[in-house]
Amino acid sequence: MVNETTPGHDERLRDLEASAFRTGRTLAEHSEQLERISDQQSTAFGNIDSLANAIGAPGDRSITARLDGIERLLIAMARAQGIDPDTIDD
């Protein structure tokens, strides 16, 4: 039978506990970062929705449809001024 209180066993157990503590702390830090990112994304998407609602009636069209409409308008304006839209840099 192996004596579980040998110095090698105590050092290994201490190393494992330290590793588990560091891993737990790292996971907690990552969790906090993910929460901040999620909050930032919610704010950003809220801002996009507000801008989209300013462009047209709320819920009237999707953001993609609104952006497509803006693009068509800008192309038409460029053509009306004699500018070839294909020559404009993105």
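Look up a bit, the structure's there.
Just so it is clear, the structure is predicted and the values come from calculations on it, not from any experiment.

Draft legend 1. Just the overall build of the protein, in detail. When helices and strands are counted, the protein shows two helices and zero strands. Taken as a whole, the protein presents about 7,800 Å² of accessible surface, with 56% of it coming from carbon and sulfur.

Draft legend 2. Expanded view of helix α2 (residues 63-80). Taking 1.5 Å of rise per residue, 18 residues should cover 26 Å, and α2 covers 26 Å from first to last C-alpha, within 8% of that figure. Positioned one or two residues after α2, G82 has a phi angle of 80°, which is positive.

Draft legend 3. Molecular detail of a negative patch on the surface. Where like charges cluster on the molecular surface, the negative patch consists of E29, E32, E35 and D39. Relative to the assigned elements, E35 resides in helix α1 (residues 7-55).

Draft legend 4. Spotlight on a nonpolar patch on the surface. On the surface, F45, I48, I63 and L67 cluster together into a nonpolar patch covering about 360 Å² of accessible area. Counting only elements with at least two residues in the nonpolar patch, the list comes to α1 and α2. Within the secondary structure layout, L67 lies in helix α2.

Conventions and cut-offs
- Residue positions are given per chain, counting from 1 as you read along its sequence in written order.
- Whole-chain, interface and lining totals are the exception, using all residues; otherwise, since this is a predicted model, local features are given only for residues with pLDDT of at least 70 and side-chain atom pairs are given and counted only at 80 or more.
- Working from all heavy atoms in the structure, the side-chain values ignore hydrogens and water.
- By definition, any uninterrupted DSSP run of H or I lasting at least four residues is a helix, any uninterrupted run of E lasting at least two residues is a strand, and each is numbered from the N terminus.
- For every accessible area listed, the method is Shrake-Rupley and the probe measures 1.4 Å; residues are considered covered only by the protein chains on display.
- A helix's residues, less one, multiplied by 1.5 Å, set its expected span.
- Here the term patch refers to residues with relative accessible area over 30% and no salt bridge, with like charges joined within 9 Å and nonpolar side chains (Val, Leu, Ile, Met, Phe, Trp, Tyr) within 5 Å.
- The term salt bridge refers to a pairing of a side-chain nitrogen on Lys or Arg with a carboxyl oxygen on Asp or Glu at a separation within 4 Å.
- His residues and chain termini do not enter the charge count, which takes Lys and Arg as positive and Asp and Glu as negative.
- The atoms used to mark charge sites are NZ of Lys, CZ of Arg, CG of Asp and CD of Glu.

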